[in-house]
Amino acid sequence: MAKEIRTIGVMTSGGDAPGMNAAIRAVARACAYYNVKCIGFYRGYQGMIEGDHCIMNARSVRNIISRGGTILKSARSKDFETPEGRKKAADHLKEIGVDAMVLIGGDGTFRGGKIFSEEYDIPVIGVPGTIDNDIAGTNYTIGYDTALNTVIDAIDKIRDTASSHDRLFFIEVMGRDAGFIALNSGVGAGAEEILIPEEDLGLERLLESLKRSKRSGKSSSIVVVSEGDKIGKNVYELADYVTDNLPDYDVRVTVLGHMQRGGSPSCFDRTLASRLCVKAVELLLDGEKNVMVGLLDNKVTATTFEVGLKEGHEINKELLRISDILST
Ligand code: F6P
């Protein structure tokens, strides 16, 4: 028989993402609704290891649904990668009386959750929160939609100045291993070319494409580059390479960086966070454990960590074709 869940812990881990606060709120409020005690851990797994926690009730999460960042703070814990670290975390949870955990974060968080759940009999549910959208068990991760809108907004502004000065801009966006942000913002912002880790465009093709756009009468251009792109040059080297080979272009670089992780979450991210976290609490109360929740075909679905983490969360390469057609 599944053990009774009287106290649920919650934490946010890995790179923060807009909507994490909405997720924390949803866990705390769902716990209050179901008369379950809720405990928040600071700085993800590190707070679990150090026993750094606070009691959360429905009022402790007032007015946070609209705030970026995470009130519980976030971290990537090296200590949790060791068996000793995980034991300390399990000991603290037992000491405080935490029966189950909701883990909000990305792939690193889920890998930690998977190994922890194999070693200790403490049910966990993962909630995908990362701007990168690189989790297979969900169509959307919390924070991705807001990050896309932030990127689009920035590119629109850069386009204004690019056009005034007839310049070519390389704009680097986040996505260490995944090109979701680059691909979707690139199409949404009408980029000339989009460079993503999943598809090596090649330097020759890039030059060809830029030559073609000059010939077609374009005076300014935007190339969106994912930070994890595999073309073999970072964004600055890429800009130098194009300057050397196509001296007609006046090239500039903008790295959008961590601004992509901040800001008030979009309505989509707030709603997604609310739906996923209510489900996470309900699953734990129903005796479910060691799965991640996600949105698949607009249904909140539970998926094993193995499936959720599997390689090949396919990027929609059709968007590259669309981009090619529309950048004519
Ligand atoms: O949140 C994920 C991510 O945005 C990656 O795309 C990026 O490479 C990474 O975080 C950078 O994070 P940090 O600066 O926190 O190491």
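Residues numbered from 1 in each chain as written. Predicted model: local features only at pLDDT ≥ 70, side-chain atom pairs only at ≥ 80, totals over all residues. Heavy atoms only, no water.

Caption draft 1: Spotlight on the sheet that holds strand E7 (residues 193–195). Spatially, four strands are ordered E7-E8-E6-E9 in an open sheet, and the strand pairing comes out parallel. Across the chains shown, the open sheet's two edge strands, defined by having one partner strand only, are E7 and strand E9 (251–255). Strand-to-strand twist of the sheet, defined as the mean angle between neighbouring strand axes without regard to direction, takes the value 20°. Both strand E6 (residues 168–173) and E9 contribute to a ladder of five bridges, which runs parallel. Looking at E9, one finds that Glu172 is bridged to Val255. In the packing of helix H6 (residues 180–188) onto the sheet, the strands contacted are E6, E7 and strand E8 (221–226), and the crossing angle to E7 comes to about 170°. Running at roughly 160° to E7, helix H7 (residues 203–215) makes contact with E6, E7 and E8 of the sheet. (Pairing = 2+ DSSP bridges. Helix = DSSP H or I, 4+ residues; strand = E, 2+ residues; numbered from the N terminus. Axes fitted to C-alpha atoms, helices over the stretch in contact; angles between N-to-C directions. Contact = heavy atoms within 4.5 Å.)

Caption draft 2: Spotlight on the packing of H6 against helix H11 (residues 318–326). Between H6 and H11, the shortest axis-to-axis distance is 10 Å and the interhelical angle comes to 30°. Relative to H11, H6 is oriented roughly parallel. For H6 against H11, the interelement crossing comes out left-handed. Residues Leu183, Asn184 and Val187 of H6 form the contact with H11, whose participating residues are Leu319, Leu320 and Ser323. Looking at the contact of H6 with H11 residue by residue, the classes come out as four nonpolar, two polar and no charged. (Parallel < 35°, antiparallel > 145°, perpendicular 65-115°, else oblique. Left-handed = near helix turned anticlockwise from the far one by under 90°. Nonpolar A, V, L, I, M, F, W, Y, C, P; charged D, E, K, R; others polar.)

Caption draft 3: Region of interest: the packing of aromatic side chains. Under the defined criterion, the tally for this structure stands at seven aromatic pairs. The interplanar angle of 45° and the centroid separation of 5.5 Å between the aromatic rings of Phe80 and Phe116 together place this pair among those described as tilted. Linking Phe80 in the loop between strand E3 (53–56) and helix H3 (83–96) with Phe116 in helix H4 (residues 107–119), this pair joins segments that are 36 residues apart in sequence. When the ring of Tyr140 is compared with that of Phe268, the centres are 5.1 Å apart and the planes differ by 80°; the resulting orientation is edge-to-face. One end of the pair, Tyr140, is in the loop between strand E5 (124–128) and helix H5 (144–165); the other, Phe268, is in helix H9 (residues 267–285), with 128 residues separating them in the sequence. By relative accessible area, Tyr140 is classed as partly exposed at 35%. In this structure Phe268 comes out as partly exposed when scored by relative accessible area, which is 34%. Aromatic ring contacts, followed pair by pair, group Tyr45, Phe80, Phe116 and Tyr120 into a single cluster. (Phe/Tyr/Trp six-rings, centres within 6.5 Å; stacked < 30°, edge-to-face > 60°. Buried < 20%, exposed > 50% of the residue type's maximum accessible area, 1.4 Å probe, protein only.)

Caption draft 4: Fine view of the nonpolar core. Within the largest apolar cluster, 65 residues are counted, with the highest numbers of intra-cluster contacts made by Met56, Val102, Val127 and Ile222. Considering every element that reaches this core, the biggest residue donor is helix H1 (residues 20–33), with nine residues. Setting aside anything within four residues of it in sequence, one finds Val127 in contact with Val102, Leu103, Ile104, Gly105, Phe110, Ile142, Leu276, Cys277, Ala280 and Val293. Residues Ile39, Tyr45, Ile49 and Ala90 belong to the second largest nonpolar core, which totals 22 residues. (Core = buried A, V, L, I, M, F, W, Y, C linked by side-chain atoms within 4.5 Å.)

Caption draft 5: Layout of the pattern of salt bridges. Following the criterion strictly, the structure yields 18 salt bridges and no others. One salt bridge in this structure joins Glu208 and Lys211, with 3.4 Å as the shortest N-O distance. With a gap of three residues between them, Glu208 and Lys211 both fall in helix H7, about one helical turn apart. On the basis of relative accessibility, which here comes to 34%, the residue Glu208 falls in the partly exposed class. In this structure, Arg252 engages Asp250 in a salt bridge whose closest nitrogen and oxygen atoms are separated by 3.0 Å. A residue is classified by how much of its surface remains accessible, and Asp250, at 29% relative accessible area, is partly exposed. When salt bridges that share partners are traced, they join Arg43, Glu50 and Asp52 into one network. (Salt bridge = Lys/Arg side-chain N within 4 Å of Asp/Glu carboxyl O.)

Caption draft 6: Region of interest: the site of the ligand. In the vicinity of the ligand, the contacting residues are Gly15, Arg76, Ile131, Asp132, Met174, Gly175, Arg176, Glu227, His258 and Arg261. At a separation of 2.9 Å, an oxygen atom of the ligand approaches a polar side-chain atom of Arg76. Within the side chain of His258, one N or O atom sits 2.7 Å away from an oxygen atom of the ligand. Relative to its unbound accessible area of 400 Å², the ligand is 80% covered by the protein chains. Here the shell around the ligand is built from residues that sort into two nonpolar, three polar and five charged. (Near = heavy atom within 4 Å. Polar contact = N/O pair within 3.5 Å; in protein donor to acceptor, adjacent residues only side chain to side chain. Areas by Shrake-Rupley, 256 points an atom, 1.4 Å probe, with all protein chains shown as cover.)

Caption draft 7: Layout of the packing of H7 against helix H8 (residues 235–245). Packing of H7 against H8 leaves a shortest axis separation of 11 Å and a crossing angle of 55°. In terms of orientation, H7 lies oblique with respect to H8. The handedness of the crossing between H7 and H8 comes out as right-handed. Contacts from Leu203, Glu204, Leu206, Leu207 and Leu210 of H7 reach H8 at Leu238, Tyr241, Val242 and Asn245. Of the residues that constitute the contact of H7 with H8, the class distribution is seven nonpolar, one polar and one charged.

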